[in-house]
Amino acid sequence: MSIVISQPSATPVIHALRSLGYNAGTAIADLIDNSLDAKATKITLQFMCFGNDGAIIIADNGHGMNEDTLQAAMNIGSKDPRADRRPNELGRFGMGLKTASFSLGKRLSVLTKQNGIYAQRCWDLDHVSKCNEWRLFTAIPDEVRQYMCDIEGDSGTVICIDKLDRFMGAGSANTIHESSFFAKVRRIHHHLEFVFHSIIEKR
C-alpha cells in the first residue's frame, strides 16, 4: 500500500483557526492562562491604540522558554492532548497561544528569556497568506519590538499582538475609534476580574 504525505495549505488552515469561537475576553484570558502555567507571579496587560491599528501586550515573569521550547510553542498543534499534563496545567492542545492571538490580530510576536538567554519568534499572517506556506520569522520586526519591554531578571515572556483586524478593524475601512477601543478594553477588564477573581484575592 503506497502512502502520500498530504500537507494542508497554510492559508485556508490559518484562517480557519482564526474562527474557533473566541471573543476578545476569552482570548486574552486564555493567554493569561499560559502565564499562569509558566508560574508567573506578575502579569502585565497593556493595550495601545495608535490611529488605524493598535497592539495588545502581555508580559510576565514566569519561567520563560529556551529556543527549542519557543519553537515548539509556536508550532500549530504543539501538544498531544492524550499526553500527561502537570497538575493544574491549563493548556491541552498546544493551540491556545496561536488561536487566541490570531482571533485578535494577524501578527503574533513572542520575546522570551530563560536563564538570561533571549529567544524570539513572529507569525505574520499577511506573509503566510501571501506565500501560502508555514513561514515563521525567527526575529521580531523592529516596528513591533519597540513596543515590547525588555525582560527584567533571568526569565519571563512578552507577547505582542498587532495588526488588530479582528479586535478593532485594523486594515479595513471600519476601524473603530479610540473611545470605542478603550470601551472594549474596559469590558475585557471586567471579564478578567470575574475569571481570575480567586487568584486576585489570593494575590
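This text follows the structure it describes.
Here the structure is a predicted model, which is why all the values come from computation and not from measurement. (Residues numbered from 1 in each chain as written. Predicted model: local features only at pLDDT ≥ 70, side-chain atom pairs only at ≥ 80, totals over all residues. Heavy atoms only, no water.)

(A) Looking closely at the overall build of the chain. Scanning the chain from terminus to terminus reveals nine helices and five strands. Seen in sequence order, the chain has helices and strands lined up from the N terminus as α-α-β-β-α-α-β-β-α-α-β-α-α-α. Relative to the globule expectation of 17 Å for 203 residues, the C-alpha radius of gyration of the chain, 17 Å, shows essentially globular dimensions. Dimensions of the chain, computed from the C-alpha atoms along their principal axes, are close to 60 × 45 × 30 Å. In the chain, of all internal contacts separated by at least 6 residues, the share reaching a separation of at least 24 is 66%. For the chain, the exposed area adds up to about 11,500 Å²; of that, 52% sits on carbon and sulfur atoms. Taking the average location of the 23 positive side-chain charges in the chain and that of its 23 negative ones, the two points are 4 Å from each other. (Helix = DSSP H or I, 4+ residues; strand = E, 2+ residues; numbered from the N terminus. Rg over C-alpha atoms; globule rule 2.2 N^0.38 Å. Contact = heavy atoms within 4.5 Å. Areas by Shrake-Rupley, 256 points an atom, 1.4 Å probe, with all protein chains shown as cover. Lys, Arg positive; Asp, Glu negative; His and termini not counted. Charge placed at Lys NZ, Arg CZ, Asp CG, Glu CD.)

(B) Main features of the side chain of Ser103. Along the chain, the position of Ser103 falls in the loop between α4 (96-102) and β3 (107-114). Owing to a relative accessible area of 12%, Ser103 belongs among the buried residues under this scheme. Residues in contact with Ser103, not counting those within four places in the same chain, are Arg18, Tyr22, Ala27 and Arg166. (Buried < 20%, exposed > 50% of the residue type's maximum accessible area, 1.4 Å probe, protein only.)

(C) The arrangement of the environment of Thr112 in detail. Mapped onto the fold, Thr112 is located in strand β3. Excluding anything up to four places from it in sequence, Thr112 contacts Gly64, Met65, Leu70, Ile117, Tyr118, Ala119, Ile151, Gly156 and Thr157. At a separation of 3.1 Å, a polar atom in the side chain of Thr112 contacts the main-chain carbonyl oxygen of Gly156. At a separation of 2.9 Å, a polar atom in the side chain of Thr112 contacts the side chain of Thr157. (Polar contact = N/O pair within 3.5 Å; in protein donor to acceptor, adjacent residues only side chain to side chain.)

(D) Up close: the pattern of salt bridges. Across all of its chains, the model carries ten salt bridges by this definition. A salt bridge links Asp124 to Arg107; the shortest N-O distance between them is 3.9 Å. With a gap of 17 residues between them, Asp124 in strand β4 (residues 117-124) and Arg107 in strand β3 connect regions that are remote in the sequence. Of the residues examined, Asp124 reaches a relative accessible area of 9% and is grouped as buried. (Salt bridge = Lys/Arg side-chain N within 4 Å of Asp/Glu carboxyl O.)

(E) Looking closely at the sheet that holds strand β1 (residues 43-50). Read across the open sheet, the five strands follow the order β1-β2-β5-β3-β4; overall the sheet is antiparallel. Across the chains shown, the open sheet's two edge strands, defined by having one partner strand only, are β1 and β4. Pairwise comparison of adjacent strand axes, ignoring direction, gives a mean angle of 10 degrees for this sheet. Taken together, the eight bridges between β3 and β4 define a ladder with antiparallel strand orientation. (Pairing = 2+ DSSP bridges. Axes fitted to C-alpha atoms, helices over the stretch in contact; angles between N-to-C directions.)

(F) Representation of the nonpolar core. Ile28 and Phe167 are the most contacted members of the largest nonpolar core, which has 39 residues in total. Apart from the residues within four sequence positions on either side, Ile28 is in contact with Leu45, Phe47, Ile56, Ile58, Leu104, Ile188 and Leu192. Ile57, Leu111, Ile151 and Val158 belong to the second-largest nonpolar core, a separate cluster that totals eleven residues. (Core = buried A, V, L, I, M, F, W, Y, C linked by side-chain atoms within 4.5 Å.)

(G) Looking closely at unusual backbone geometry. Phi at Asn115 takes a positive value of approximately 55 degrees, unusual for a residue other than glycine. Looking at the secondary structure, you find Asn115 in the loop between β3 and β4. Phi at Lys163 takes a positive value of approximately 50 degrees, unusual for a residue other than glycine. On the secondary structure map, Lys163 appears in the loop between β5 (156-162) and α7 (165-168). For Lys163, a relative accessible area of 18% puts it in the buried group.

(H) The arrangement of the pairing of β3 in detail. Counting buried residues in β3 gives seven out of eight residues, a clear majority hidden from the surface. The pairing of β3 with β5 spans seven bridges and is antiparallel. Considered in β5, the bridge of Arg107 is made with Asp162.

Geometric descriptors of this kind do not, in isolation, establish any biological role.
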